[in-house]
Amino acid sequence: MKNRQFDLVVFGATSFVGQILTRRLVERIGANGDIRWAIAGRNAGKLREVAADTGADVEQIVADAADTEAMRALAECTKVVVSTVGPYALYGSPLVAAVAEAGTDYCDLTGEPQWMLSMIDAHQDTAAASGARVVHACGFDSIPSDLGVWFTQQQAIERFGEPCASISLRVKSLKGGASGGTIASMLNVVEEVRHDHDLRKILANPYALAPADMRTGPRQPNVTRPRPDAASGEWVAPFVMAAANTRIVQRSHALLGRPWGDDFEYDEAMLVGGGPVGAMKATAVSGGLAGFAGMAMLGPTRRLLGRFLPEPGEGPTPAAQEAGHFDLRFYGRTAAGDQLVTKVTGDRDPGYGSTAKMLAETALGFLELDRNITAGGFWTPATAFGDRLIDRLVQHAGITFDVLDPD
Ligand SMILES: NC(=O)c1ccc[n+]([C@@H]2O[C@H](COP(=O)([O-])OP(=O)(O)OC[C@H]3O[C@@H](n4cnc5c(N)ncnc54)[C@H](OP(=O)(O)O)[C@@H]3O)[C@@H](O)[C@H]2O)c1
């Protein structure tokens, strides 16, 4: 590790979120500070533009994601790679193979469970042997879910002497848009699942991302339609990121050795308010989501959707990112019936402004993460970093973690 040219390389600096990340790193660590970093992408001209626009006066590496030799060279020149080249299922695999081989730490923004599963199964042993720490899902999906549950459990153990047997994440409020890259990744998951019946069954399993010998467990709650919610007392609707986030949380629990109990339950949904208005809103949100999913499944309606959604490279304006935020509530209950509510918030739009700050802190966090604490292998944000990442996010990324007083 000592002889690497760089500490950190941003692969995909030209992507919509990669540009925000690059700008963030310039603010955070400077271009010529102690941390030696570089930006990388497939297009030299675009990289030069990004460097000029963001003030990233750092080295530029031209590399195509499909070129295995270029990915090997990229993985070998740095201690850490952070990648925003997605959809990851289409472009990400050669780089993950290369970092696992080279013993290079790696994080990304994938929310594609089918791809994470294939990467874990293919490269876990190689990463464990080489010392590479690989952490997927380091943006809005799934850091707030994963670390929110981690935080809630620490608080429950401290207050009640036992962890929560169930936790429900409820999205209290959320303001932000989607980029073309995110839409492309979501549509690609739908496309892969549509063509592969076995994959659909695998991904329906809440324990799908657990280590291979831990992919079973009791049935998990799952909000798939509008309903009144016992935890919050409001109506809830399905939350679009739940399918990825719940798998990450259950993977964390499995990697920790299931300390929260074999029956630990976790689900996610959106709060839409109480009473008849809440019921109506829940129905409207659920209908909208089901309509989107239905249109995405069929060729002609999928093409129609594409005409109205952002293209790759497009996304929310800087003003929209600045005006965005998120507020998540975690309703926990222990086996003895003690209850706890915690809150995780972000001060920018979830998918871009906040995501870029979360990803930056994860990537920088590797540089201070002792291998005696976290060894090589595929981890989650909570199992790789735990409280260390919470501290970094609170200090540098505008994320808050709090316990709410009981009413
Ligand atoms: N976890 C989260 O909360 C979260 C939030 C936001 C985004 N995301 C994910 O992050 C990813 C990026 O999103 P985005 O909106 O920034 O995407 P985007 O703007 O469409 O960017 C895609 C990037 O991939 C690069 N690329 C494509 N093919 C390549 C190849 N063969 N070799 C090298 N680079 C290649 C593109 O390079 P060019 O610039 O040269 O075209 C571009 O930089 C997506 O997968 C999205 O789902 C996740």
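Residues numbered from 1 in each chain as written. Predicted model: local features only at pLDDT ≥ 70, side-chain atom pairs only at ≥ 80, totals over all residues. Heavy atoms only, no water.

## Section: helix α1 (residues 16-29)
Side chains of residues three or four places apart in an α-helix project in the same direction, reflecting 3.6 residues per turn. Taking 1.5 Å of rise per residue, the 14 residues of α1 would be expected to cover 20 Å, and the 20 Å separating its terminal C-alpha atoms lies within 8% of that figure. Burial of α1 is extensive: ten of the 14 residues sit out of reach of the surface. What α1 keeps buried is the set Phe-16, Val-17, Gly-18, Ile-20, Leu-21, Thr-22, Arg-24, Leu-25, Val-26 and Ile-29. (Helix = DSSP H or I, 4+ residues; strand = E, 2+ residues; numbered from the N terminus. Expected span 1.5 Å × (residues − 1). Buried < 20%, exposed > 50% of the residue type's maximum accessible area, 1.4 Å probe, protein only.)

## Looking at the sheet that holds strand β12 (residues 339-346)
Neighbouring strands of a sheet are bound in pairs by backbone hydrogen bonds; such pairs are parallel or else antiparallel. The strand order across the open sheet built from seven strands is β8-β9-β10-β7-β11-β12-β14, with neighbouring strands paired in mixed fashion. Of all the strands in the sheet, just β8 (227-228) and β14 (399-403) have a single pairing partner and so form its edges. Relative to strand β10 (residues 265-273), strand β7 (residues 164-175) runs parallel, the two sharing six bridges. Each bridged residue has a counterpart across the sheet, and for Leu-169 the counterpart in β10 is Glu-268. (Pairing = 2+ DSSP bridges.)

## Some points on the layout of surface pockets
Where empty space is left can be seen by rolling a probe of water-molecule size over the atoms. Computed from the structure, the second largest pocket encloses a volume of approximately 380 Å³. Around the second largest pocket, the lining comprises 14 residues; the ones closest to its centre are Ile-20, Arg-23, Glu-27, Gln-321 and Gly-353. Elements represented by at least two residues in the lining of the second largest pocket include exactly α1, α13 (318-323) and α14 (350-366). By residue number, the principal contributor to the lining of the second largest pocket is α1, which donates six residues. Residue classes in the lining of the second largest pocket are distributed as five nonpolar, three polar and six charged. Two domains each donate at least three residues to the lining of the second largest pocket, and these are domain 1 (6-139 + 354-397) and domain 2 (143-349). (1 Å grid on protein atoms, 1.4 Å probe; cavity = no way out; pocket = protein on both sides within 12 Å on 5 of 7 lines; lining within 4 Å. Points joined across faces, edges and corners; volume = space filled by probe spheres on them. Nonpolar A, V, L, I, M, F, W, Y, C, P; charged D, E, K, R; others polar. Domains from an automatic or database assignment.)

## Some thoughts on the packing of aromatic side chains
One pass over the structure, following the stated rule, counts six aromatic pairs. Relative to Phe-264, the ring of Trp-260 lies with its centre 5.2 Å away and its plane at 65°, an arrangement referred to as edge-to-face. The burial state of Trp-260 is the same as that of Phe-264; both residues are buried. (Phe/Tyr/Trp six-rings, centres within 6.5 Å; stacked < 30°, edge-to-face > 60°.)

## A few points about the site of the ligand
Residues in close proximity to the ligand total 30 residues, the closest being Thr-14, Arg-42, Asp-141, Ser-179 and Ser-185. Between the ligand and the protein, one listed contact pairs an oxygen atom with a side-chain N or O atom of Thr-14 at 2.6 Å. Between the ligand and the protein, one listed contact pairs an oxygen atom with a side-chain N or O atom of Asp-141 at 2.8 Å. Notes on the ligand: free accessible area 940 Å², of which the protein chains cover 93%. Of all the secondary-structure elements, those providing two or more residues to the shell around the ligand are α1, α4 (88-91), α8 (180-195) and α14. Classifying every residue of the shell around the ligand by side-chain character gives 13 nonpolar, 13 polar and four charged. Composition of the shell around the ligand by domain shows at least three residues from each of domain 1 (6-139 + 354-397) and domain 2 (143-349). (Near = heavy atom within 4 Å. Polar contact = N/O pair within 3.5 Å; in protein donor to acceptor, adjacent residues only side chain to side chain. Areas by Shrake-Rupley, 256 points an atom, 1.4 Å probe, with all protein chains shown as cover.)

## A look at empty space enclosed by the protein
For the structure shown, the criterion picks out one cavity of 30 Å³ or more. If you add up the space inside the largest cavity, you get close to 50 Å³. In terms of lining, the largest cavity is formed by Met-116, Ile-120, His-136, Leu-209, Ile-248, Arg-251, Phe-378, Trp-379 and Thr-380. Those elements that provide at least two residues to the lining of the largest cavity are α6 (113-130), α10 (242-255) and β13 (377-379). Each residue belonging to the lining of the largest cavity can be placed in one class, and the counts come to six nonpolar, two polar and one charged. Taken together, domain 1 (6-139 + 354-397) and domain 2 (143-349) each give at least three residues to the lining of the largest cavity, which thus spans both.

## Quick notes on the domain arrangement of the chain
One frequent convention defines the size of an interface as the accessible area lost when the parts assemble. Each assigned domain of the chain is listed here: domain 1 (6-139 + 354-397) and domain 2 (143-349). For domain 1 and domain 2, the distance between their C-alpha centres works out to 24 Å. On the side of domain 2, 36 residues touch domain 1, which itself brings 33 residues to the contact. With both chains or domains summed, domain 1 and domain 2 bury close to 2800 Å², and 69% of this area falls on carbon and sulfur atoms. Put simply, domain 1 and domain 2 have two salt bridges between them. Taking the shortest distance from any N to any O, the salt bridge between Arg-215 and Asp-121 comes out at 2.9 Å. Put simply, domain 1 and domain 2 have eleven residue pairs in polar contact (both at pLDDT 80 or more) between them. Residue assignment for the side of domain 1 that touches domain 2 shows that the elements contributing at least two residues are α1, α4, α6, α14, β13, α15 (381-385) and α16 (387-396). The dominant element in the side of domain 1 that touches domain 2, judged by the number of residues it contributes, is α6, at six residues. Across the side of domain 1 that touches domain 2, the residue classes break down as 20 nonpolar, nine polar and four charged. (Contact = heavy atoms within 4.5 Å. Buried area = accessible area lost by both parts, 1.4 Å probe. Salt bridge = Lys/Arg side-chain N within 4 Å of Asp/Glu carboxyl O.)

## Remarks on the pattern of salt bridges
In this structure the tally under the stated criterion is 20 salt bridges. Note that Lys-79 and Asp-7 form a salt bridge whose closest N and O atoms lie 3.3 Å from each other. Taken as a pair, Lys-79 in strand β4 (residues 78-83) and Asp-7 in strand β1 (residues 6-11) lie far apart in primary sequence, 72 residues in all. When the shortest N-O distance is used, the salt bridge between Arg-348 and Asp-347 registers 3.8 Å. Here Asp-347 falls in the partly exposed class, since its relative accessible area comes to 33%. One network of salt bridges, with partners in common, ties together Arg-28, Glu-361, Glu-368 and Arg-392.

## Looking at the side chain of Thr-54
Tracing the sequence through the fold places Thr-54 in helix α2 (residues 44-54). Accessibility expressed as a relative area gives 8% for Thr-54, which makes it buried. Of the polar contacts made by the side chain of Thr-54, one reaches the backbone oxygen of Val-50; its length is 2.6 Å. Setting aside chain neighbours within four positions, we find Thr-54 in contact with Gln-19, Thr-22, Arg-23 and Val-26.

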